[in-house]
Each structure stands twice: as structure tokens, then as C-alpha cells.
Amino acid sequence: MTDIELRHLAAMAAIVEQGSFGGAAARLGYTQSTVSQQIAALERAVGGLVFDRPGGPKPVRLTPLGSVVLDHARELLAKAEALADAVDRFKAGDGRIYIGTFQSVSNVILPSVVRRLRDEHPGCDIRLSEEEPEQPQIGDLDLLFYDGRIDGDVEHLKLLDDPYLLVANAGTFPAGPVPMERLDGAPMVAWPLTCDQPWMEQALARSGARPQIVFRTAVNDTLLSMVRAGLGSAVLPWLAVRGAGVPSDDRLRVHELRPSLPPREIYLHWRAGRTHSPLATRAIELAVEAAAEVTPPPANA
């Protein structure tokens, strides 16, 4: 059976549909002798005749063995056609992609990436996973967004620097940059002490600002609701500020800090040495374009 080729089965199916070797040859674009050779090869592989050949104008007929072979031949040919179609769609950018993300990227960068991927490739299957573990792993993901470099056998692309900004109720601070010492002892709401948050708070302390943390939550909307309620201000990266719609909120103001804190760095990762699918390659291109469109507010915001 290992000697059977799809072209042998295609020739057999064409003979049945056309009723003759000559008709099959015309349909397939072969010579009649080529079709005869393919059927002979098929009969050697299965160990018996698949057609009775009465000769003359009478049509050829399937033998009982031929009927068995034809049933499986049609199934295999259909699967081969489906495979060819799937390969063509994959090369055209369809297929499936798994992307790991986190809150800020999900709100600001990924919507543009997902929308454009689906516009360009309506048949693509996009799967997203949003987690912010202490030790992220690429695992089975095709791409992983993370605010920093991750360990392991991975490659990375830096997308942008994400500056830290101060968000406060309107009127809490004068317009423009806020001196760091103004935050010393001031009430503040903040993220939990995971990822870059401990590093950011240590940078505040080194600049002489030790705010009083009165509430912690990982949910940006909840954090900013507490700022609006007057519980305290917040120091957040620009992606989080923009993703939560702060710039268009009349109740809140965004300020730069003086001196400024080092920004967090947003990276896109993938497994080292991995051959990207056309869909993953396009997703990387779109992520770079989306990141380039993200700009922080001016100093007098």
C-alpha cells in the first residue's frame, strides 16, 4: 500500500466519472497511456484488478476490489484537497495564533492588532491569554507581550518605553510637572507589589518621595475610581493611563514628575529559533506599528 500515490487514485476516480480511460485522460490532461500506467501501478499495489476492461465501445466497470478501493480513494482525495486548501489559507495568513498579553497592552495596543488581522484575514483564529505572573513563560504561545525581558530560550523585540506619570484629581496639583517631593507622605493608590511595581516604588523612595499607600488593586479602572473619589493620587505608566481613558476625563489630571522615573519597557517575545507563521509575522509588524502610534501626553497635560 505504500506504493499507492494520490495520482493513481485520482486517475481511478476520473475513469469512473468519465466511463473510459480516454475520457479520464482528456479530463486530467494526460495521455491515455499515462492513465493506463497509473492504473496498472495501482493494481500492482492492491494485488488485483480494479477495472474490468470489456474493450470496444463498452464502458469499463469496477471490479468488487475496485469498489472497495474507490470508496477509500474518494475519502483520501477529499482529505488531500482539504489539506491543500488549508495550506493555501495558511500561506495567505489564515490559521491560528496564540498571544499572551497583559492589561495595558490589551487595552491600547492589541485592539488595533486584532482588528487589522481580522480585516486582512477574516478566516484567522486569534486566541488571547491575559496573565501577569511573576515568572512568565512563553510555553505554547506564539507571541507574548510583557513589561520587561523574560528568561528562557526566547527572542524579543522592544516595542516602546512606557513613561510613569502622576494621575490626580483636578486641582490637587498645579498644572504642569509635579516635583517628586510633593508626593512624600501624600496618600496614594497603587498596584500590588508585583512585576515592576516594587522597582517603581523604590525609585520614588530614592528620589525622596515615600507616599502613604492607602489602597492596592491590580484593576486599573478600580484604581482610578479611587483617585476620582479623592482617596489619593496614582503613579501609573502611560499605557495604563491611556487605556483607562484618563486624558478625556475632566475630573482627572495627568502630570509628569520631576525628576522623571525611568520608564518601564514593553517587549514582544517568541520562542527562539521558531519559524513564524505568516499570521504571526504579520501580528509582529502590526504590533510595532501600533506601538509607534502610542505617544505620552505633553508636559503641561
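Residues numbered from 1 in each chain as written. Predicted model: local features only at pLDDT ≥ 70, side-chain atom pairs only at ≥ 80, totals over all residues. Heavy atoms only, no water.

**Remarks on the pairing of strand β9 (residues 187–190)**
In step 1: As judged from the four bridges shared by β9 and strand β10 (residues 212–216), these two strands associate in the parallel manner. Counterpart to Met-188 in the pairing with β10 is Ile-213.
In step 2: With helix α7 (residues 197–206) bridging β9 and the parallel β10, this β-α-β connection has right-handed handedness. (Pairing = 2+ DSSP bridges. Helix = DSSP H or I, 4+ residues; strand = E, 2+ residues; numbered from the N terminus. Right-handed = clockwise from strand over helix to strand, strands pointing away.)

**Examining the pattern of salt bridges**
In step 1: Taken as a whole, this structure holds 18 salt bridges when the rule is applied.
In step 2: The shortest N-O distance in the salt bridge between Arg-7 and Glu-5 comes to 2.4 Å.
In step 3: Exposure remark for Glu-5: the relative accessible area of 35% places this residue in the partly exposed category.
In step 4: One salt bridge connects Arg-53 with Glu-43, and the closest N-O pair in it is separated by 3.2 Å. (Salt bridge = Lys/Arg side-chain N within 4 Å of Asp/Glu carboxyl O. Buried < 20%, exposed > 50% of the residue type's maximum accessible area, 1.4 Å probe, protein only.)

**So, the nonpolar core**
In step 1: Formed by 45 residues in total, the largest nonpolar core has its most connected members in Ile-109, Val-113 and Phe-145.
In step 2: With eight residues, the single largest contributor to this core is helix α10 (residues 278–292).
In step 3: Beyond its immediate stretch of four places on either side in the chain, Phe-145 contacts Ile-99, Gly-100, Thr-101, Phe-102, Val-105, Ile-109, Leu-110, Leu-159, Tyr-267, Leu-268 and Ala-287.
In step 4: If you look at the next biggest cluster of nonpolar residues, it comprises 18 residues, including Met-12, Ala-25, Val-46 and Ala-73. (Core = buried A, V, L, I, M, F, W, Y, C linked by side-chain atoms within 4.5 Å. Contact = heavy atoms within 4.5 Å.)

**Structural notes on the sheet that holds strand β4 (residues 125–130)**
In step 1: An order of β4-β3-β5-β14-β6 is seen for the five strands of this open sheet, with the pairing classed as mixed. Lying at the two open borders of the sheet, with one neighbouring strand each, are β4 and β6 (154–162). On average, adjacent strands in this sheet sit at an angle of 20° to one another, irrespective of strand direction.
In step 2: Here three bridges tie strand β5 (residues 143–146) to strand β14 (residues 264–271), and the two strands are oriented antiparallel to one another. For Tyr-146, the partnering residue across the bridge sits in β14 and is Tyr-267.
In step 3: Strands in contact with helix α6 (residues 110–120) are β3 (96–101), β4 and β5; relative to β4, the strand with the most contacts, it is inclined by about 165°.
In step 4: Here α10 sits on the sheet and contacts β3, β5, β6 and β14; the angle it forms with β6, its principal contact strand, is near 20°. (Axes fitted to C-alpha atoms, helices over the stretch in contact; angles between N-to-C directions.)

**Some remarks on the packing of helix α1 (residues 6–18) against helix α3 (residues 32–46)**
The packing of two helices is summarised by the inter-axis angle and the distance between the axes.
In step 1: In the contact formed by α1 and α3, the axes pass within 9 Å of each other and the chain directions differ by 115°. Classified by the interaxial angle, the pair formed by α1 and α3 is roughly perpendicular. Like other packed secondary-structure pairs, α1 and α3 cross with a definite hand, here left-handed. Contact residues: Arg-7, His-8, Leu-9, Ala-11, Met-12 and Ile-15 in α1; Val-35, Gln-38, Ile-39, Ala-41 and Leu-42 in α3. (Parallel < 35°, antiparallel > 145°, perpendicular 65-115°, else oblique. Left-handed = near helix turned anticlockwise from the far one by under 90°.)

**Digging into the sheet that holds strand β11 (residues 234–237)**
In step 1: Spatial ordering of the open sheet is given by β11-β7-β12, a layout of three strands whose pairing is antiparallel. Because the sheet does not close on itself, it has two edges, and the strands there are β11 and β12 (252–255). The mean angle between the axes of side-by-side strands here comes to 35°, regardless of whether they run parallel or antiparallel.
In step 2: Strand direction decides the pairing type here: strand β7 (residues 164–169) and β12, joined by four bridges, are antiparallel. The residue bridging Val-167 from the neighbouring strand is Val-254, located in β12.
In step 3: Each of β7, β11 and β12 touches helix α8 (residues 220–228); the most contacted strand, β7, lies at about 45° to it.

**Observations concerning the packing of aromatic side chains**
In step 1: Tallying each qualifying case throughout the model produces two aromatic pairs.
In step 2: Consider the rings of Tyr-164 and Trp-199, whose centres lie 6.4 Å apart with planes at 40°: the pair is tilted. One end of the pair, Tyr-164, is in strand β7; the other, Trp-199, is in helix α7, and 35 residues separate them in sequence.
In step 3: Judged by its relative accessible area of 4%, Tyr-164 falls in the buried class. (Phe/Tyr/Trp six-rings, centres within 6.5 Å; stacked < 30°, edge-to-face > 60°.)

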